[in-house]
Structures are given as structure tokens and as C-alpha cells.
Amino acid sequence: MPRHTKAFKDKFKTRTSVERTNKRLFIDYSIERVRLRSNMMRFAMATFAAVNIHLDAWVKHTNFSFVDTFIVGAA
């Protein structure tokens, strides 16, 4: 179904934000493409990806920089 159609937009609106987030997580981190033998490993990769997303958001929000940490530590 092409993304520019009304049918796609109507279908996309019915999805929850969690479904959208999970699908994005699986696409961004290629979890579905990895040949995993167990659901536990797939869950572990998804968990690590979620932690990474939250850490990335925290770094952007706080403007945290390791360079500043090294400069303070060296002084």
C-alpha cells in the first residue's frame, strides 16, 4: 500500500504509538534481519536498543559530552 494514499494514512492512524515505536526499533537496529534462534535473544537485542535510544535522548537533552569529562579530569 503506497504511503501517499488515504488508505495508508487511515490504517496508520489505527496503530498505537507503542506499535510504531517497536517497528521503528526493529527497523533501525535491524533486529528482524538478524538470524536469531530464540525469542530471548531478540528480546535482549530490543532491550539494548531501547536503552540506547533513551541514553541518546538523555545525551541530547543534557548536552552531555565526554570531552568535558576528560578536561575536568585532566585539570
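Preceding this section is the structure that the text describes.
Calculation rules
Residues numbered from 1 in each chain as written. Predicted model: local features only at pLDDT ≥ 70, side-chain atom pairs only at ≥ 80, totals over all residues. Heavy atoms only, no water. Helix = DSSP H or I, 4+ residues; strand = E, 2+ residues; numbered from the N terminus. Contact = heavy atoms within 4.5 Å. Salt bridge = Lys/Arg side-chain N within 4 Å of Asp/Glu carboxyl O. Buried < 20%, exposed > 50% of the residue type's maximum accessible area, 1.4 Å probe, protein only. Patch = residues over 30% accessible without salt bridge, like charges linked within 9 Å, V, L, I, M, F, W, Y side chains within 5 Å. Areas by Shrake-Rupley, 256 points an atom, 1.4 Å probe, with all protein chains shown as cover.

Caption draft 1: Main features of the environment of Ile 31. Counting through the fold element by element, Ile 31 comes out in the loop between α2 (17-28) and α3 (39-62). Through-space distance from the C-alpha of Ile 31 to that of Met 45 is 7.0 Å; in sequence the pair is 14 residues apart. Residue contacts for Ile 31: discarding those within four places in its chain leaves Leu 25, Phe 26, Arg 42, Met 45, Ala 46 and Ala 49.

Caption draft 2: Region of the structure containing the pattern of salt bridges. In total, this model carries two salt bridges according to the counting rule given. Here Asp 10 makes a salt bridge to Lys 6, at a shortest N to O gap of 3.2 Å. With a gap of four residues between them, Asp 10 and Lys 6 both fall in helix α1 (residues 6-13), about one helical turn apart. Its relative accessible area of 60% is what places Lys 6 among the exposed residues.

Caption draft 3: Examining a nonpolar patch on the surface more closely. Together, Val 51, Leu 55, Trp 58, Val 59, Phe 64, Phe 66 and Phe 70 give the surface a local cluster of nonpolar side chains, amounting to about 720 Å² of exposed area. Mapped by element, the contributors of at least two residues to the nonpolar patch are α3 and α4 (66-74). A per-element tally of the nonpolar patch places α3 first, with four residues. Within the secondary structure, Leu 55 sits in helix α3. Overall, the relative accessible area of 48% leaves Leu 55 in the partly exposed class.

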